[in-house]
Amino acid sequence: MSLYTEITKLPRDPIIGLTELFKNDKRSTKYNLGVGVYLDENGNVPVLKCVTKAAQLLYEKKDPCVYLPMVGFDSFCDATKKLLFGPAHSSNANIITTQALGGTGALRLGAELLQRTKTVPLVVISEPSWENHRNIFESAGFKVNTYPYYDPITNCFLFDQFLTFLKRLPKHTVVILHANCHNPTGIDPSKEEWQEILDTIRKLDLIPFFDLAYQGFKNNVKEDASVLRTYIKFEKPFLVANSFSKNFSLYGERVGALSLFCCSQEESAKIQSHLKNIIRSLYSTPPTYGQKIVGQVLSNEKLYAIWQSEVQQMRTRITETRNQLVKAFEEENLTSFSFIKDQHGMFSYSGLGIIHAAQLREKFGVYILDSGRICIAALNKTNLKYVTNAISAVVHKKKIQAKSI
């Protein structure tokens, strides 16, 4: 008997597994719309000018790549805190910010910390949610349930049902909230709905854990952190996992942070000691290069201005692509897809199903998630018409000539 006899093979990851299928596809015409990466008009991952300039400054300093403190450099953590909560809270001793391995690492770090409190009865995520949310918290030992969020018939946020669900939760339940650009639906609560949601969470002593992976991709860098800046005024415990992968186009550098609010400096010191202990056991210290780049940009006035402009350009292209996609659908007599214009961020919950996804993949080399999620940022003038023709074919169950596949 092998050591691993009792281990069974798990199904492929919905996102990374799809990318593996895409790479193994030998057809000359194929498009991966399942990837969670921003691509420019030419289908490339951009290298931001602010990142290039920051890298040059770092090269000129000739700093060695030494081991970092377990929670990262103070300068990076302080700059991240200011970005999330505003200048007024950049030195707030009750807010702990710790460098993490991207947004995923920040979520897992927060999950491990919450497990040590012994007071969290349950974790709830939206239905639907980013596929890895459940995996992260179940792997940390939590029971994970879902809350009503999206109506696939009306393509709307289920606000009333969500509030009703919150009111039935036991105290200290952790509620995972997408701070903006909900993944995968692209549908966010309105400003007024957010206010009532946050008020309800506060009154019921629930614990919000905000996932902020797309800061700057909805309105602007400041407004996209507005829910955090609203909740911090309550001076109640909360957590934030933020990522710099998308808005800095630094995917492989794994730059992110975990921030959390403590009720006193004494509590902050206690929590900080546990975070260091968890980090030490998981990966010891965070990586150096990516956080130096981000820290340099956030602390340099000129580079910060360039970064904001580049994020705006990415945000504008996504919005324009949404509009072009809807127009292309209308030309294919698919007017039912007009709701895509009202969504935000990189993704669209298209309404397509698992059968559509399989047909798109097998017949046309168009790869989308089985849930129907499409990465809008992966569309451009080269592939948009082909993709809409393919979707029209599988929706209308007609045959079209696919080129070179």
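The structure this text deals with has already been given above.
In this convention, every chain numbers its residues from 1, walking through the sequence in written order. Confidence filtering applies because this is a predicted model: local features only for residues at pLDDT of at least 70, side-chain atom pairs given and counted only at 80 or more, and all residues used for totals across whole chains, interfaces and linings. Excluded from the side-chain calculations are hydrogens and water; all other atoms, namely the structure's heavy atoms, are used.

**Describing the sheet that holds strand S4 (residues 144-148)**
In a beta sheet, neighbouring strands are held together by backbone hydrogen bonds and run either parallel or antiparallel to one another.
Then, number 1: Pairing is mixed in the open sheet, where 7 strands are placed in the order S2-S10-S9-S8-S7-S3-S4. Since the sheet does not close on itself, it has two edges, and those belong to strand S2 (95-101) and S4, each with one partner. Direction aside, neighbouring strands of the sheet carry axes that sit 25 degrees apart on average.
Then, number 2: Judged from the 5 bridges that link them, strand S3 (residues 123-127) and S4 form a sheet pairing that is parallel. In the sheet register, Val123 faces S4, and the bridge partner there is Val144.
Then, number 3: Strands in contact with helix H3 (residues 74-85) are S2, strand S8 (207-212), strand S9 (239-243) and strand S10 (255-261); relative to S2, the strand with the most contacts, it is inclined by about 110 degrees. A strand pair is defined by DSSP finding two or more bridges across the two strands. Labels follow the DSSP assignment, with helices taken as runs of H or I lasting at least four residues and strands as runs of E lasting at least two, numbered in each case from the N terminus. Here the axes come from fitting lines to C-alpha atoms, over the contacting stretch only for helices, and the angles between their N-to-C directions go from 0 to 180 degrees. Should any heavy atoms of two residues lie within 4.5 Å, those residues are counted as being in contact.

**Quick notes on helix H14 (residues 384-396)**
Then, number 1: The span expected for a helix works out to 1.5 Å for each residue beyond the first. A rise of 1.5 Å per residue sets the reference length of H14, with its 13 residues, at 18 Å; its end C-alpha atoms lie 18 Å apart and thus fit the reference within 8%.
Then, number 2: Classification of residues uses two cut-offs on accessible area relative to the type maximum, computed with a 1.4 Å probe and protein chains only: under 20% is buried, over 50% is exposed, and between them is partly exposed. Inspection of H14 places Leu384, Tyr386, Val387, Thr388, Ala390, Ile391, Ser392, Ala393 and Val394 among the buried residues, and these make up the whole buried set.
Then, number 3: Against the buried residues of H14 lie strand S1 (31-32), helix H12 (301-331), helix H13 (354-364), strand S12 (366-367) and strand S13 (373-375).
Then, number 4: Lys397 occupies a position one or two residues after H14 and carries a positive phi of about 55 degrees.

**Examining helix H6 (residues 159-166)**
Helical periodicity: at 3.6 residues per turn, an α-helix aligns residues three or four positions apart in one direction.
Then, number 1: Here H6 has its buried residues at Phe159, Phe162, Leu163, Phe165 and Leu166. Looking straight down H6, one finds its buried side chains confined to an arc of 160 degrees; they lie on one side.
Then, number 2: For H6, the secondary structure elements touched by its buried residues are S3, S4, strand S6 (156-157), strand S7 (174-178) and helix H7 (191-203). To be clear, the arc concerns the directions from the helix axis to the C-beta atoms.

**Topic: the pairing of S3**
Then, number 1: Most of S3 sits out of view: 4 of its 5 residues are buried.
Then, number 2: When the strands point away from the viewer, a crossover counts as right-handed if the path from the first strand over the helix to the second runs clockwise. Handedness of the crossover joining S3 and S4 through helix H5 (residues 131-139): right-handed.
Then, number 3: Sheet analysis places S3 next to S7, joined by 2 bridges and oriented parallel. Bridge pairing links Val123 to Val174 in S7.

**Quick notes on the pattern of salt bridges**
Then, number 1: For salt bridges, the criterion is a side-chain nitrogen of Lys or Arg within 4 Å of an Asp or Glu carboxyl oxygen. Overall, the coordinates contain 10 salt bridges when judged by the stated rule.
Then, number 2: The residue Asp25 makes a salt bridge to Arg27 at a minimum N-O spacing of 2.7 Å. For the pair formed by Asp25 and Arg27, the shared burial category is buried.
Then, number 3: Each of the salt bridges in this network shares a partner with another, and the network as a whole consists of Glu331, Glu332 and Lys385.

**A short note on the pairing of S10**
Then, number 1: Taking burial as the measure, the 7 residues of S10 include 7 buried ones, the bulk of the element.
Then, number 2: Bridge count for S9 against S10 is 5 bridges, and the pairing is antiparallel. Across the sheet, the residue bridging to Ser243 is Gly256, located in S10.

**So, the nonpolar core**
Then, number 1: What makes a nonpolar core is a set of buried Ala, Val, Leu, Ile, Met, Phe, Trp, Tyr and Cys residues whose side-chain atoms join them at distances within 4.5 Å. Counting residues in each nonpolar core, the largest one holds 100 residues, and the members touching the most others are Phe248 and Trp307.
Then, number 2: Broken down by element, the residue count for this core peaks at 9 residues, all from H12.
Then, number 3: With 36 residues, the next largest nonpolar core counts Ile96, Ala111, Phe142 and Ile176 among its residues.

**Considering the packing of H13 against H14**
Then, number 1: Packing of H13 against H14 brings their axes to within 10 Å, and their N-to-C directions diverge by 125 degrees. One finds that H13 runs oblique with respect to H14. At the point where H13 passes H14, the crossing takes the right-handed sense. Contacts between H13 and H14 involve His356, Gln359, Leu360 and Phe364 from the first element and Tyr386, Ala390, Ile391, Ala393, Val394 and Val395 from the second.
Then, number 2: Counted by class, the contact of H13 with H14 contains 8 nonpolar, 2 polar and no charged residues. If an angle is under 35 degrees, it is roughly parallel; if it is over 145, roughly antiparallel; if it lies from 65 to 115, roughly perpendicular; otherwise it is oblique. Take the far helix as your reference; a near helix turned counterclockwise from it by less than a right angle gives a left-handed crossing, and one turned clockwise gives a right-handed crossing. Each residue receives one of three labels: charged for Asp, Glu, Lys and Arg, nonpolar for Ala, Val, Leu, Ile, Met, Phe, Trp, Tyr, Cys and Pro, and polar for the others, Gly being one of them.

**Observations concerning the environment of Leu21**
Then, number 1: Among the structural elements, Leu21 can be located in helix H1 (residues 16-24).
Then, number 2: Of the residues examined, Leu21 reaches a relative accessible area of 34% and is grouped as partly exposed.
Then, number 3: Sequence-wise, Leu21 and Arg361 are 340 residues apart; in three dimensions their C-alpha atoms are separated by 9.5 Å.
Then, number 4: Setting aside its immediate chain neighbours within four residues, Leu21 contacts Arg12, Arg361 and Tyr367.

**Here's the deal with the side chain of Asn155**
Then, number 1: With respect to the element layout, Asn155 can be found in the loop between strand S5 (150-151) and S6.
Then, number 2: Look at Asn155 and you get buried, because its relative accessible area is 14%.
Then, number 3: Whenever two N or O atoms come within 3.5 Å, that pair is a polar contact, provided that in protein one can donate a hydrogen and the other can accept it, and provided that, for residues adjacent in sequence, both atoms are side-chain atoms. In terms of polar contacts, Asn155 uses its side chain to reach the side chain of Tyr150, at 2.7 Å.

**A look at unusual backbone geometry**
With glycine set apart, most residues show a phi of negative sign, and most peptide bonds adopt trans.
Then, number 1: A cis amide bond, omega 5 degrees, links Glu127 with the succeeding residue Pro128.
Then, number 2: Tracing the backbone shows Pro128 in the loop between S3 and H5.
Then, number 3: Of the consecutive residues Asn183 and Pro184, the connecting peptide bond is found in the cis state with omega at 25 degrees.
Then, number 4: Along the polypeptide, Pro184 turns up in the loop between S7 and H7.

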